[in-house]
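Listed below, chain by chain, are the residues.
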Amino acid sequence: MKNKQGRRSFLKSIGLGTVATGLVPNGMVSAKDVANKKQSQLRPSSGHKYNEAYTGEHLNRVAFPIGGLGAGMFCMEGTGAISHMSIKNQPDIFNEPGLFAAIAVKGITNGAKVLEGEVPDWKKFGYPDAGNGGMGGSTTGLPRFKNASFLARFPFGILDIDDNDLPLKVNIVGWSPFIPGDENNSGLPVGAMEYTFKHTGTKAMDAVFSFNTKNFIRINDGNNSIKPFTNGFILQEAGKADKPLPTSFAIFTDQQNTTVDHCWFRGGWWDPFTMAWNAVKNAEIKSVDPVEKDAPGASLYVPFSLQPGESKTIKIFFAWYTPNSEMTYGEAGKPKVNCNPASGCCNSPSDIGLDKYDKDFNGKYYKPWYSNRFASVEEAGDYWLKNYDELKSKSSLFRDAFYNSTLPPEVIEAVAANLTILKSPTVLRQYDGRLWAFEGCADTGGCCHGSCTHVWNYAQAICHLFPALERSLRATEFCENQDVNGHQTFRAVLPIEPNTHTFYSAADGQLGGIMKVYREWRISGDDVWLQKIFPMVKTSMDYCIETWDPRHRGAIEEPHHNTYDIEFWGADGMHGTFYLGALEAFIAMGSQLKKEVRFYKDLHDKCRNVLETELYNGEYFIQHIQYTGLRAQNPATAQSFGGDYSPEAKALLKEEGPKYQYGTGCLSDGVLGSWMARMCMLNDNADRDKIKSHLKSVHQYNLKQNLEEHANPQRPSFALGDDGGLLLCTWPKGGQLSLPFVYSDEVWTGIEHQSASHMMMMGMVDEGLEVLRLSRNRYDGRVRNPFNEYECGHWYARAMSSYGYLQALTGVRYDAVDKILYVDSKVGDFTSFLSTETGFGNVVYSKSKATLNVVYGNIDVKKTIVNT
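The sections below set out a description of the structure shown in this document. (Residues numbered from 1 in each chain as written. Predicted model: local features only at pLDDT ≥ 70, side-chain atom pairs only at ≥ 80, totals over all residues. Heavy atoms only, no water.)

A word on the sheet that holds strand β3 (residues 72-77)
With respect to topology, 3 strands assemble into an open sheet ordered β2-β3-β4, the strand pairing being antiparallel. With one partner strand each, in any of the chains shown, β2 (63-68) and β4 (82-86) form the two edges of the open sheet. Shown here is a sheet whose adjacent strand axes are inclined to one another by a mean of 20°, direction ignored. Where β3 and β4 come together, 3 bridges link them in antiparallel fashion. Across the sheet, the residue bridging to M73 is S86, located in β4. (Pairing = 2+ DSSP bridges. Helix = DSSP H or I, 4+ residues; strand = E, 2+ residues; numbered from the N terminus. Axes fitted to C-alpha atoms, helices over the stretch in contact; angles between N-to-C directions.)

Observations concerning the packing of aromatic side chains
In this structure the tally under the stated criterion is 61 aromatic pairs. We note R429 situated over the ring of W369; from NZ or CZ to the ring centre the distance is 4.4 Å. (Phe/Tyr/Trp six-rings, centres within 6.5 Å; stacked < 30°, edge-to-face > 60°. Lys NZ or Arg CZ within 6 Å of the ring centre and 35° of its normal.)

Remarks on the environment of E709
Turning to its location among the elements, E709 is positioned in the loop between β25 (703-704) and β26 (725-726). By relative accessible area, E709 is classed as exposed at 78%. As for E709 and W264, which are separated by 445 residues in sequence, their C-alpha atoms are 56 Å apart. (Buried < 20%, exposed > 50% of the residue type's maximum accessible area, 1.4 Å probe, protein only.)

A look at the sheet that holds strand β10 (residues 190-199)
The 9 strands are arranged β1-β7-β8-β9-β10-β17-β14-β13-β12 in an open sheet whose pairing can be described as antiparallel. Because the sheet does not close on itself, it has two edges, and the strands there are β1 (54-55) and β12 (224-229). Note that β10 and strand β17 (residues 311-321) share 9 bridges and pair antiparallel. Pairing of T196 across the sheet is with T313, part of β17. Most of the contacts of helix α5 (residues 377-403) go to β17, to which it runs at about 115°, and overall it touches β7 (147-153), β8 (156-162), β9 (168-175), β10, β12, β13 (232-237), β14 (247-253) and β17. (Contact = heavy atoms within 4.5 Å.)

Re the layout of surface pockets
Within this model, the largest pocket holds a volume of roughly 1,100 Å³. Taken together, 36 residues make up the lining of the largest pocket; nearest its centre are F94, E96, W122, K123 and Y127. In terms of residue class, the lining of the largest pocket is built from 14 nonpolar, 15 polar and 7 charged. (1 Å grid on protein atoms, 1.4 Å probe; cavity = no way out; pocket = protein on both sides within 12 Å on 5 of 7 lines; lining within 4 Å. Points joined across faces, edges and corners; volume = space filled by probe spheres on them. Nonpolar A, V, L, I, M, F, W, Y, C, P; charged D, E, K, R; others polar.)

Some details on empty space enclosed by the protein
Here the structure, examined in full by the defined rule, presents 9 cavities of 30 Å³ or more. H464, V812, R813, L834 and S835 are the residues nearest the centre of the largest cavity, which is lined by 18 residues in total. For the lining of the largest cavity, the elements supplying multiple residues, two or more each, are α19 (804-810), β28 (813-815) and β30 (830-835). Split into classes, the residues belonging to the lining of the largest cavity amount to 9 nonpolar, 7 polar and 2 charged. Lining the second largest cavity are 14 residues, and of these N51, Y54, A152, E413 and F787 sit closest to its centre. Contributing elements (two or more residues each) for the lining of the second largest cavity: β7 and α6 (409-419).

With respect to the pairing of strand β32 (residues 849-857)
Two elements, strand β31 (residues 839-846) and β32, share 8 bridges in a ladder whose sense is antiparallel. Looking at β32, one finds that G839 is bridged to G857. Here β31 folds back onto β32 in antiparallel fashion, the turn holding 2 residues, of which K847 has a positive phi close to 55°.

Here's the deal with the packing of helix α15 (residues 672-679) against helix α17 (residues 749-761)
Orientation of α15 relative to α17, taken along the N-to-C sense of each, is 65°, at an axis distance of 10 Å. Taken as axis vectors, α15 and α17 run roughly perpendicular relative to one another. As for how α15 packs across α17, the hand of that crossing is left-handed. Together, L672, S674, W675, R678 and M679 of α15 and Q754, S757, H758 and M761 of α17 make up the contact between the two elements. Here the residues of the contact of α15 with α17 are counted per class, giving 4 nonpolar, 4 polar and 1 charged. (Parallel < 35°, antiparallel > 145°, perpendicular 65-115°, else oblique. Left-handed = near helix turned anticlockwise from the far one by under 90°.)

This is how it looks when you write it as structure tokens:
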């Protein structure tokens, strides 16, 4: 927004700051009380409020992703700079390529400035080559605006800048389409930045706007050029003769009076950049024809005049196109074993009703989905320009509905911040349209490949926002990743094809997948899909039982690989709740299809008994470490990521048991399966009082306000020093092992969000908010990027557990099978966002009654059930 009053008007127009009122049943905290109390809650030592604009030092690390789901991105920084340019099918986190917009106001001293706020201090020193002055020709040395304020209203980033030198207020909006239910238009390789200038002076003003860029996609010994495009230009790189990997990046506007310089001055040292700035500084408008190759950079110019009080908006459109790659992950191309489609494994997506993902593509390397839709960057750019207004309108509908909420501001901030993961290179979408993802992004490549099932268990956003894409993940898990015996590989190869089966299944990933099939059925309402996938689900369920509970005791006790990248030996609460939830989901699906499920019901009852009697210590759920009396007999020789057992480790084995267990510890993930069950629309799968007691223990023992005295020899940068956070595990009653499971001393936002939302769901709203606030306090823009909750890599998928806050606080969920809207508020009256397979809108709960306001698509509600 252009000013504070404008921002307040904008927030008011979309419902922010308005709080539903009414009776509060059962003595619950009202949403009004929570919102009012937390709105005034400042982060420690900070003037920044949750879900409000970032200013001053809080702009330091702000980098807001812009791009399409699975299509690549760039980031709009809190100052307006463009960085993190990642358009070549992989991340490039520290790529700040030298794009900048500028304004030159004629007749004013110091009238030429880059349209950005001041350079953050961390860019002045402390990075590679800083001692040599930094990268030659960097834009950080150019004049810029003194004052800046950045507001995130996903998918829109809103920057206000001004400076005493100029009679201008400048508003910059960066965005790309995001429309729940429309994965295609939400996955375009495009972005935009709108620059609005308001004349605040008293005399008529003449100015020149320009957008300028180095040819940042050129490579050494490549074949590059800058070609014309209507009201803009295209940076092109055809690649080397022996490696033709073309990339194109189009920059253009809709202004008909645009003039283009297709080739900056060619020369040595910093000649091209210097001459480009000279043109900006002098308010020149340079028209230069394209050259055959090696143009250093290009600029476009738009002159305009303003009378006092007038405004002018100039839109800059971006489109990119990198149709090929050399990316392949996993054991692609190797001979496959135990794959027999006739036996219900290694099927194609069409076998389970996902015909639109059964495209004919047999390429060796990854190709992005958009290369199937567009033949060139010109086609992508034309589509972007022609459909811009409609796509913006629909994206605005989502923004307005999402932020039309009375939930606490830290909740809205956490959910929205992690939706940016869907625009990051963590997420890919291959040529046939199927989703494939990393766990997160390393600096220049994906981190931990293969839509890892035990990490993506936590992510609750895609299944509600883009349900068809979520079902494509289930297709991969139960088709290409599952063999004839039901063994499910937890990392998919890329391009997606039948997998090898040479390592353990992940118990939490595979059991969670069964619950997620149930969730996808309830979200889609597609009985045919359920009927088709159920045979593979049964094969998977039977494999889990025979592999980890061969005695049919109701306990996952054989060594089971899990999200901590190790194997637990013996029964534990975490996997006990997963087992219980998977059995419950299987029984419900089997009963719907009129299958015989008595064996699974008996096992379900045994599982619950083991969980509640053997694994509950009266306060929280623990692990019974066991490595004798099992089918797997020798931890020291078992396959593992933990490396061989040294002589010292073998001695420790005799004293404490296998390495990397948790035993008597209080595990923040200790009832994760119960949270998963509720997120998957299942009932509580264990005694509610015991589950709640465990969560109270997690809050009491694992939440630390300050970590200065906490020793973490593992990966401390997630939270350390005076940071607060939720430790993965503590041992409040003793029994800490010498070498507990790896990562046990760390803090992960994904686990903070799932634990906090589970607390809220169980009525522990204040405790959950305390966990959430400590988590988000670390991401206030000063040290960490508010829009990049990292774990094993940037934009880590587990953090999308934060989407669970919406259901946790409101109990709102829509069952498309029975056409029922459920409400179970933990905050009294509220207004909140709901997204379904067929549409999205707001649920308003007031005076024990719920109203659904659909703003996009349709949601067929036959009945509303309110738990009061």
